[in-house]
Amino acid sequence: MDEHIEDDERDALAALSSSAARRKTHSYSQQLRTGSGQKRQHQIRKHSLDEDRIPKNIERYYNNHDSSDDDFYPYSTAAGYPPKSGSFSSGAGEYLSHRLDQNLCTDSPKESRPSLAEFIGSGGGGGIFKVPVRAGVHPGRPPCLELRPHPLRETQVGRFLRTIACTETQLWAGQEGGIRVWKTADAYEPGWGVGGRIRRGDEDAAPFLESVNTSPTMCLMVDPANRLVWSGHRDGKIRSWKMDQTLEDSPFKEGLSWQAHRGPVICLTISSYGDLWSGSEGGVIKIWPWESMEKSLSLTQEERHMAALLVERSFIDLRSQVTVNGVCNISSSDVKCLVSDKVRAKVWCAAAVSFSLWDARTRELLKVFNIEGQIENRVDVQSGTDQQVEDEMKVKFVSTSKKEKSGGFLQRSRNAIMGAADAVRRVAKGAGGAFTEDNKRTEALTITSDGTIWSGCTNGFIVQWDGNGNRLQDIQHHPFGVQCFCSFGERVYVGYLSGTIQVLDLDGNLLAGWVAHSSPVIKMAFGTDYVFSLATHGGIRGWTIASPGPIDGMLRSELAAREPVCTRRDNFKILIGTWNVGQGRASPEGLKAWLGSAAADAGIVVVGLQEVEMGAGFLAMSAAKETVGLEGSSIGQWWQDAIGKSLDEGTTFERMGSRQLAGLLIAIWVRKNLRTHAGDIDASAVPCGFGRAIGNKGGVGLRLRIYDRIMCFVNCHLAAHLEAVNRRNADFDHIYRNMVFSRSSNLLNNAAAGVTTAVQNIRGSNAGNADEGKPELSEADMVVFLGDFNYRLHSISYDEARDFVSQRCFDWLREKDQLRAEMKAGKVFQGMREALIRFPPTYKFERHQPGLAGYDSGEKKRIPAWCDRILYRDNRASATGECSLECPVVASILQYEACMEVTDSDHKPVRCKFSVDIAHVDRSVRRQEFGEIFRSEKIRTVLEEYRRVPETIVSSNSISLQNQETAVLKISNKCVKDNAVFQIICEGLSAVKEEGQGSEQRPKGSYGFPRWLEVTPAAGIIKPDQFEEVSVRHEEHQTQDDSVDGIPQNWWSEDTRDKEVVLMVKIRGSRSNQTKTHRVIVRHFFTAPRPTRIDSKSKSSRKIHGGSSINRSDFRQLSSSSSSDAHDEHRYLHSP
C-alpha cells in the first residue's frame, strides 16, 4: 500500500517547495514553528490551570534534577547514588548465547501465564536513550510537605486552584468554584481516600474545608487585623470570609460581598491606611475606603443588601480621577498586580508593560513609567496586534482555499499547503515586534523587607526598583518566565514557568534552586514553618523555611528509612494493537477477533492505525488544518467508534483521548475500575513526510499518568521501500527527539481558565531550545512504540521467504529482519525490547484472501515482512530488575501475535499484551510520616535557630502629637551579628474620652494607620549594632470643606477629633518565623492649626556610639499641649 500511495503522490509532492507549511506537530494550539533546517525551539503551547507542561531543557541549569515525573527523580552521582549500570551495548552472546535468537532475556514468571522471551536493542545505556533512574526521595531538591498531591487533570475541570494565601494558622486557596481552607494543625493528617466524602482528585490531600459555590476566584488578600480573607472573583464581586471556620460550617458562607467591577477582579491589596484597592480589566483601579467597609461589616445578615449598597457607593475610581479631556495618564491594559508599599505608604500598580505609582494616603497619582523605567505622560490603548495576526491567518487561509479551481485537484491541494505556509511566514514576520514585547511583560510584583520592589517578566528577568520607581538593576538566573514571588525575611522566593523555584538574597544573588513541580509555579505564600507553592495542575507543596540547609539531609534520610511503609505496588495489563488498514474499514468480526477477546482482562487498551485515510488531497488538507490547529477526520472518528463498540465502551471501558495526523491515528481506552488512577492525557504528533511536513509518514503519541507514573504510547508509520533503512532510522530519531506532548482537541474540555500571558504564549528566548535538552520520551517511565515500521527482510528472495513461512521457520527469517539487525547495531530503537516473533510476516497480503496463500502474488511480488511491530522500554536499566521505587515500572510480555484470520487490509493486525508492575508512594501515608519526622525533637532543635529574634530597643512607649507635629521613634538593634527586620503597624484606634482614657481599640484593615498619621519608614532592616529613626507625624488630611471642627461632613470620612492609636513594632530575625513586639501609644489632640517647627527626619541607620545606651540628647523633644498627658517619651523598652 505504501508504494501505491507514494507513486500516486510523487508528482504532486515534488511540486512543493522546501518552504511548505511548517505544520503544528505537537498540539492544536501551536501555530508557529521554525524551519526544519534550524534548531527546533521548544515552544510551550497555551497554558491553562489544568495543564502540567514545563519546558524540558532545564537540566542545563539543574543537572541533578529530572523533571519527568512530578515525584520520582533519578539519583545523581553527585548525591552519592550512582545509577545502575546498563548492559545494552554489549554483544548478543550475553543473553542465551547458545540460542539462535541472540540478545534474548527471560524474566521469571510473575503469574500463571509465563512471560515471553525478549530481544533487547543495543545503545540504550547512555545519552537520550538512557533509562531514567527513579528514587523514592528526590536527592536534588528539599523534602517537602505534600499538602495537596498533584491531582489528575480530568478530576479538576471546573475546580482548578488559581491562587493561595496564608494566615498564621491556615492556608486559603481560591478555586474555580469558590474557596477552600486548610488548617496547618491538620496538615499532616491522612486524606479521606477513594470513596471518602470528598470529590475525586483530593483523596490524598490533607483535610480541608470548602465554601459554597461562587464565581471563579481570581485573587486573595488576608486581613489579619479583622480576621478576614478578601477574595476577588471573575463575576466582578469582592467577597469577605471569616478566618474562624469550623467543620460544622462546611460549606461555609461568605460575609460581606458587593459588585466591585464589571469585569473580573484580577488583584487586591490593602494599603497602609487600611483601604482595599482592586484592579480589573481595562486598567480600572478602585479604592474601597475602610470606613465604609467597617460600617457595612457591622451590619447583620438581614441587612446584607444594605451593607453591599453602602460599600458599592463608596468607591473611588482612580482611572476617572486621572482622565482629562478623554485622555488617561495610566495604561488601559489589564491590571496585573497591586502591591502596597507600607514602608513609604504607596501603592504600586503593574500592567503588562507599564507601572503607576500612587500615594496611599492622598490617593494621588505620583508617577507613570514603563518597564524600562522611562517616565510616561500618556499611555495609549494597547494595540490589537495579536487579533490582527489571527485575522490575517484566517483571511489568508480562506482566500487561498477559495482560489480558482484550475490546475486540477492536486494543484489545488498544493496551493492550499503553500498558502498556509505563506500565512505562517507573514504572521511570524509581521508580529515579531509584538512577540518581542510579550517577552518583557510583567507577570509578578512584590516588595521585599528592605523596601525594594521586584518585578518579574516573561523573559525570566527580574527588575529591582527603589521606592520612587527608579530602576536599580536587572537580574536573570533562569531563562523561563517569572510567575510569582514570595518575600520572607532577607530571602525572596521566585516561582517560574518551568516549575522551578529559586531562592535569592536581597541583592539578587542566587542561593539555591530546584524543580519544585512538573508544571508552572503560579503562586507562593509564607505560612509559619513553610513557604507553600501552587502549581497549575493544582498540587500544593510546602518547603521548610530552613531549606536549603542541613535539615534537608536529615529529612531525606529519615524519609528513606520509612520508604517501605509508604510504598504500594499494583499490577494491571495493557493491550496494544497496531494495524495498517490501507484506507479500508474493518468488519465487526475482524475487530472482535483482533481486540475483543484479548481485552477481557486488560486494564488499558491502546490502538494505533496507519493509512486510515490517504490521498494527495487529504494529505494537503490535513497539513493545512494542522497549521491552524485542527486535527481529525470523520473516518478517524468512525474507527474510534467502531473500536469502542468492540470494547464495550461506556460500560466496561472509557475512551480517554486520541490523536490523528493525516492517516495516523492513536486512541486509548481505560477500564472503569482503573479510571480513578489514570489521567493527565496529553497528545503529540510529529510528521516525517515530505520536508518533515506531510503526515503520510510520522508519529502520533499519547501520554498517560497512572499511579503517578508516566507512560507514553507512540504510533509510527516510517519510510517505505526495502532499501530505505537509513530513512526509517532517521524517521524514528526525528520522532523520538521531537515528540512534545500537550493538550489535544480530542481530549477532555480545554476550556479551563488561563494562568497568565506568559503561560499562554512563550516565544523567543523564553522558549529555550529543545535540542539542548532531553526529549520528553526519554523521561517517561514506560514508552511503547507501535505501528507500521516498514522494516523488511533483506538478502532473501520472494520464493525463499514464502518457503520459510510455509515451514514456519521463523528463526531463520528473523536473521533477515532489517529491524532486528539495526537494533542490534544500536542504530534505531536503542535499548528497546521486543518479544520473540513467532507469527508469520504481516505484509503484504491480498485483501479478503485467508491463510498464508494470501501473500502478494501480483506483478511486484513484494517479499513478506514483519512491518507491523510493537516495542517497549520500562524503568529497568539492565536485562532484569525488581519493581521498586528506584525501578517503579517493570513490564513483561504475555502475548505477541498477529491475527492472520483478519483479511480487511493488505496488512495483518498485531496485538501485544503486557503485564505491568508499578511501585508508587501512598501520598497520604507519606505525609503522616513526614509530619512525625518534622515534629520530632531532632528536627525541632534544628528549627530553633529560625526562631531567634534579635534584641531591640525602642526609644519611647508613648508619643503625644498636635496638628502637624513630628516625633522621632528610634529602634536600635542590640544584636552584634544578626539583622533585625522590623515592621510598624497600627494595632488599634480609639477616641479619647474627656477623662483622657481611650475607648475600645478598633483596628483598620490589615492594621492600617489612621489617615492623620504618617509613619516613615514603617518597615525595614536594621543592621547589627545600628538603629533606625522612624518619623511619626500628624498630617492634615481633610480640607475645610470636608470637616468642621474635626467632625467629618461625609459619613465615610475619617474623624480627626482627639484620638489614640497603639503602634506595634514587630521585630523578627532575617530568617525567623517568630516575632517580638513593642507597643507605642500615640495620642493626637485636636487644636486649631498653629505654626509648628518640624524637625528634619533621618531615614538612614546610624551606628550606636560605644554600643551603650542612647543618651537623651539623641532624641528630639516631643511637644505636648498638656503636661498631664505627657509621658516619659525617653523611657527605653527592652524586647521581652
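Owing to the predicted nature of the structure, the values given are computational and were not obtained by experimental measurement.

Calculation rules
- Residues numbered from 1 in each chain as written.
- Predicted model: local features only at pLDDT ≥ 70, side-chain atom pairs only at ≥ 80, totals over all residues.
- Heavy atoms only, no water.
- Helix = DSSP H or I, 4+ residues; strand = E, 2+ residues; numbered from the N terminus.
- Buried < 20%, exposed > 50% of the residue type's maximum accessible area, 1.4 Å probe, protein only.
- Contact = heavy atoms within 4.5 Å.
- Areas by Shrake-Rupley, 256 points an atom, 1.4 Å probe, with all protein chains shown as cover.
- pLDDT = per-residue confidence, 0-100.
- Pairing = 2+ DSSP bridges.
- Axes fitted to C-alpha atoms, helices over the stretch in contact; angles between N-to-C directions.
- Core = buried A, V, L, I, M, F, W, Y, C linked by side-chain atoms within 4.5 Å.
- Polar contact = N/O pair within 3.5 Å; in protein donor to acceptor, adjacent residues only side chain to side chain.
- Phe/Tyr/Trp six-rings, centres within 6.5 Å; stacked < 30°, edge-to-face > 60°.
- Lys NZ or Arg CZ within 6 Å of the ring centre and 35° of its normal.
- Left-handed = near helix turned anticlockwise from the far one by under 90°.
- Nonpolar A, V, L, I, M, F, W, Y, C, P; charged D, E, K, R; others polar.
- Salt bridge = Lys/Arg side-chain N within 4 Å of Asp/Glu carboxyl O.

S.K.: Please provide a residue-by-residue account of the overall build of the protein chain, values included.
M.R.: Along its length, the protein chain carries 19 helices and 57 strands. Within the span of the protein chain, comprising 1136 residues, buried residues form 63% of the whole. Residue pairs at least 24 apart in sequence account for 69% of intrachain contacts in the protein chain once pairs closer than 6 positions are excluded. On the protein chain, roughly 41400 Å² of surface is accessible, and the fraction owed to carbon and sulfur atoms is 48%.

S.K.: Quick one: what's the story with the confidence of the model for the protein chain, residue by residue and with numbers?
M.R.: Put simply, the protein chain has an average pLDDT of 79, and 74% of its residues get 70 or more. In the model, residues 379-407 has pLDDT below 50 throughout and makes 33 contacts with residues more than four positions away in sequence or in other chains. Confidence over residues 745-772 falls short of pLDDT 50; this stretch has 96 contacts with residues more than four positions distant or in other chains.

S.K.: I'd like a rundown of the sheet that holds strand β25 (residues 471-475), residues and numbers included.
M.R.: Judged by pairing direction, the sheet is antiparallel, and its 4 strands sit side by side in the order β22-β23-β24-β25 without closing on themselves. The open sheet is flanked by β22 (442-447) and β25, the only strands paired with a single partner. Recorded for the sheet is a direction-independent mean angle of 20° between the axes of neighbouring strands.

S.K.: Describe in detail the pairing of β25, supporting the description with residues and values.
M.R.: Along any regular strand the residues' side chains alternate between the sheet's two faces. Sheet analysis places strand β24 (residues 462-465) next to β25, joined by 4 bridges and oriented antiparallel. By the bridge assignment, Trp465 is partnered in β25 with Arg471. Where β24 hands over to β25, the hairpin turn is made up of 5 residues, of which Gly469 adopts a positive phi near 85°.

S.K.: Any chance you could break down the nonpolar core for me, citing the residues and the numbers?
M.R.: Within soluble globular proteins, side chains that are nonpolar generally end up buried alongside one another. One finds Phe572, Ile604, Ile706, Met711, Phe713, Phe914 and Val916 to be the most contacted residues of the largest nonpolar core, which totals 55 residues. Within the second largest apolar cluster, 44 residues are counted, among which are Ile285, Ile287, Cys349 and Leu1063.

S.K.: Could you give me a rundown of the side chain of His261, with the residues and numbers involved?
M.R.: Mapping His261 onto the fold places it in the loop between β11 (257-259) and β12 (267-270). In this structure His261 comes out as buried when scored by relative accessible area, which is 4%. Side chain to side chain, His261 and Ser278 meet in a polar contact 2.7 Å long. Not counting the four nearest positions on each side in its chain, His261 is found in contact with Asp235, Gly236, Ser278, Gly279, Ser280, Val284 and Lys286.

S.K.: Describe the packing of aromatic side chains, naming the residues involved and giving the relevant values.
M.R.: What the rule picks out here adds up to 36 aromatic pairs. Taken together, a centroid distance of 6.5 Å and an interplanar angle of 65° make the contact between Tyr273 and Phe1009 edge-to-face. With Tyr273 in the loop between β12 and β13 (276-279) and Phe1009 in the loop between β48 (980-991) and β49 (1013-1016), the pair connects residues that are 736 residues apart, well separated along the chain. Under the relative-accessibility criterion, Phe1009 is labelled buried at 4%. Ring-pair connections join several aromatic residues into one group, and the members of that group are Phe129, Phe732, Tyr736, Phe785, Phe789 and Phe829. A cation over a ring is seen here: Arg180 above Phe208, with NZ or CZ 4.1 Å from the ring centre. Directly above the aromatic system of Phe315 lies the positively charged group of Lys286, at a separation of 4.4 Å from the ring centroid.

S.K.: Give me the environment of Gln321: which residues, what numbers.
M.R.: Tracing the backbone shows Gln321 in helix α4 (residues 318-321). When the C-alpha atoms of Gln321 and Glu364 are compared, they prove to be 8.7 Å apart, with 43 residues separating the residues in sequence. The contact partners of Gln321, leaving out residues within four places of it in the chain, are Ile316 and Arg363.

S.K.: Got a sec to walk through the packing of helix α10 (residues 588-596) against helix α12 (residues 634-646)? Specific residues and values, please.
M.R.: Direction vectors running N to C along α10 and α12 enclose 65°, while the axes themselves pass 9 Å from each other. Seen along the crossing, α10 lies across α12 with a hand that is right-handed. The residues of α12 that touch α10, namely those facing Leu591, Lys592, Leu595 and Gly596, are Trp639, Ala642, Ile643 and Ser646. Residues of the contact of α10 with α12, tallied by class, amount to 5 nonpolar, 2 polar and 1 charged.

S.K.: Provide a residue-level description of the sheet that holds strand β44 (residues 910-921), including the pertinent values.
M.R.: Strand pairs in the sheet, formed through backbone hydrogen bonds, run parallel or antiparallel to each other. Spatially, 6 strands are ordered β35-β36-β34-β33-β44-β43 in an open sheet, and the strand pairing comes out mixed. Looking at the sheet topology across the chains shown, the edges are occupied by β35 (653-661) and β43 (889-898). The average undirected angle you get between the axes of adjacent strands in this sheet is 15°. Across 9 bridges, the pairing between β43 and β44 is antiparallel.

S.K.: Would you mind going over the pattern of salt bridges in detail, with residue names and values included?
M.R.: Inspection of the entire model under this criterion finds 52 salt bridges. For Glu294, the salt bridge identified is with Arg1002, shortest N-O distance 3.3 Å. Of this pair, Glu294 sits in helix α2 (residues 290-297) while Arg1002 sits in the loop between β48 and β49, and the two are 708 residues apart along the sequence. Take Glu294: its relative accessible area is 25%, and that puts it in the partly exposed class. Residue classification places Arg1002 among the partly exposed positions, given a relative accessible area of 42%. Glu1035 is the partner of Arg1033 in a salt bridge, and the nearest nitrogen-oxygen pair spans 2.5 Å. By the burial criterion, Arg1033 is buried, and Glu1035 matches it. Taken together, the salt bridges that share partners define one network made up of Glu146, Arg541, Asp680, Arg705, Asp708 and Arg923.

S.K.: Lay out the pairing of strand β4 (residues 161-166) in plain terms, naming residues and giving numbers.
M.R.: Within β4, 6 of the 6 residues are buried, which leaves the element mostly enclosed by the surrounding structure. In the sheet, β4 pairs with strand β5 (residues 170-175) via 5 bridges, with the strands oriented antiparallel. Counterpart to Leu161 in the pairing with β5 is Gln175. Between the end of β4 and the start of β5, which pair antiparallel, lie 3 residues.

S.K.: I'd like to hear about unusual backbone geometry, residue by residue, with values.
M.R.: The step from Tyr843 to Lys844 runs through a cis peptide bond, and the omega angle for that step is 0°. Within the secondary structure, Lys844 is located in the loop between β41 (833-835) and β42 (868-873). Look at the link from Thr1016 to Pro1017: it is a cis peptide, with omega at -10°. Take Pro1017: it is sitting in the loop between β49 and β50 (1019-1022). Here Asn325, not a glycine, exhibits a phi torsion of approximately 55°, which is positive. Located in the positive-phi region is Ser1006, a residue other than glycine, with phi close to 50°. With respect to the secondary-structure elements, Ser1006 resides in the loop between β48 and β49. Judged by its relative accessible area of 12%, Ser1006 falls in the buried class.

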